[in-house]
Amino acid sequence: ETALDWLLSSKLVIKNCLLNSINIPPKAYENTDFFKLFLNDVGILSSLLAIKYTDIVLDKDFIFKGEITENYVNQQLNVNNKNIFYWRSDNTAEVDFIIYNDDGIIPIEVKTGTNVMSKSLHVYMKRFKPKYGIRISAKNFGYENGIKNVPLYAAFLIK
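Note that this is a predicted model, so its numbers are computed, not measured. (Residues numbered from 1 in each chain as written. Predicted model: local features only at pLDDT ≥ 70, side-chain atom pairs only at ≥ 80, totals over all residues. Heavy atoms only, no water.)

## Some points on the side chain of Asp96
- With respect to the element layout, Asp96 can be found in strand β4 (residues 93-101).
- Notably, Asp96 is buried but unbridged: the nearest opposite-charge side chain belongs to Lys36, and the N-O separation is 4.4 Å.
- There is a polar contact of 2.8 Å between the side chain of Asp96 and the backbone nitrogen of Val110.
- The residues contacting Asp96, other than those within four sequence positions of it, are Lys36, Glu70, Phe85, Tyr86, Ile108, Glu109 and Val110. (Helix = DSSP H or I, 4+ residues; strand = E, 2+ residues; numbered from the N terminus. Buried < 20%, exposed > 50% of the residue type's maximum accessible area, 1.4 Å probe, protein only. Lys, Arg positive; Asp, Glu negative; His and termini not counted. Salt bridge = Lys/Arg side-chain N within 4 Å of Asp/Glu carboxyl O. Polar contact = N/O pair within 3.5 Å; in protein donor to acceptor, adjacent residues only side chain to side chain. Contact = heavy atoms within 4.5 Å.)

Following this line, the structure appears as structure tokens:
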């Protein structure tokens, strides 16, 4: 076993693979050579990066804020979904998470604040026409242009 296999089997890290194609079942189209790893605990990640509690609570801007937010959302999604993927198009657009639920293959984009402009999500929506997309951000619940807005604190509700 490799060190990565050990970390995965111990559930210290979560592996999300790239989808080569947006088709059902998505698991059949995952590319295991390309993946993202997330720590299973955002507190451990913050500790490893030596981020001060006040930087997070006071909502200060720093370079790893997006990665920490994505890690938090991945933890929340992992509670309800066994297979979480991501998608990218010719290295120009990337959707943070893809889940497969009763509504089909659903894209999820994560934003750290209230600026929710997302070119990648719009590229995905136009190309694959899912039933809806999800944007997780600091904005409140809402629905516009086929995209459900979900506040960060409610990410665990997505199934």
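What follows continues from the structure just given.
## Quick look at helix α4 (residues 65-80)
- In this model α4 runs 24 Å from its N-terminal to its C-terminal C-alpha over 16 residues, within 8% of the 22 Å that 1.5 Å per residue would give.
- Residues of α4 that are buried include every one of Lys65, Ile68, Thr69, Glu70, Asn71, Val73, Asn74, Gln75, Gln76 and Leu77, and no others.
- Tucked into the core, α4 has its buried residues touching β1 (13-19), β2 (30-39), α2 (42-48), β4, β5 (104-110) and β6 (133-137). (Expected span 1.5 Å × (residues − 1).)

## Digging into the nonpolar core
- Counting residues in hydrophobic clusters, the biggest one holds 18 residues, and the most contacted among them are Val73, Leu77, Phe97, Ile108, Ile134, Ile136 and Ile158.
- Of all elements in the fold, only α4, β4, β5 and β6 reach the threshold of two or more residues within this core.
- Broken down by element, this core gets its largest block of residues, three residues, from β5.
- Dropping the residues within four chain positions of it, Ile136 is found in contact with Val73, Ile108, Glu109, Val110, Lys111, Val150, Pro151, Leu152, Ala155 and Ile158.
- By size, the runner-up hydrophobic cluster in this structure holds nine residues, among which are Ile22, Trp87, Ile98 and Tyr124. (Core = buried A, V, L, I, M, F, W, Y, C linked by side-chain atoms within 4.5 Å.)

## Quick look at the pattern of salt bridges
- In total, this model carries four salt bridges according to the counting rule given.
- Between Lys36 and Glu94 there is a salt bridge whose closest N-O contact spans 2.7 Å. A residue pair is termed long-range when its members are at least 10 positions apart, and Lys36 in strand β2 and Glu94 in strand β4 qualify at 58 residues.
- On the basis of relative accessible area, Lys36 is assigned to the buried category, the value being 16%.
- Between Lys131 and Asp103 there is a salt bridge, with its nearest N and O atoms 3.3 Å apart. Separated by 28 residues along the polypeptide, Lys131 in the loop between α5 (119-128) and β6 and Asp103 in the loop between β4 and β5 bring together distant segments of the chain.
- Using a relative accessible area of 32% as the deciding quantity, one classes Asp103 as partly exposed.
- Through salt bridges with shared partners, a single network forms among Lys36, Glu70 and Glu94.

## What about the pairing of β6?
- Counting buried positions along β6 yields five of five residues, so the element is predominantly enclosed.
- Of the two faces of β6, the one carrying Gly133, Arg135 and Ser137 and the one carrying Ile134 and Ile136 are both buried.
- Strand direction decides the pairing type here: β5 and β6, joined by three bridges, are parallel. Bridge pairing links Val110 to Ile136 in β6.
- On the question of chirality, the crossover connecting β5 to the parallel β6 by way of α5 is right-handed.
- Direction of pairing for β6 relative to strand β8 (residues 147-151): parallel, over a ladder of five bridges. Of the residues in β8, the one forming a bridge with Gly133 is Ile147. (Pairing = 2+ DSSP bridges. Right-handed = clockwise from strand over helix to strand, strands pointing away.)

## Thoughts on the packing of aromatic side chains
- The full count for this structure, using the stated rule, is five aromatic pairs.
- Both rings, one in Phe38 and one in Phe97, keep their centres 5.8 Å apart while their planes meet at 40°; by these two values the pair is tilted. Here Phe38 is found in strand β2, whereas its partner Phe97 is found in strand β4, with 59 residues between them in sequence. Across this residue pair, the class does not change: Phe38 and Phe97 are buried.
- Judged by centre distance (6.4 Å) and plane angle (90°), the ring pair of Phe141 and Tyr153 falls under edge-to-face. Taken as a pair, Phe141 in the loop between β6 and β7 (142-144) and Tyr153 in the segment after β8 lie far apart in primary sequence, 12 residues in all.
- Over the face of the ring belonging to Tyr86 we find Lys36, whose NZ or CZ atom lies 4.7 Å from the ring centre. (Phe/Tyr/Trp six-rings, centres within 6.5 Å; stacked < 30°, edge-to-face > 60°. Lys NZ or Arg CZ within 6 Å of the ring centre and 35° of its normal.)

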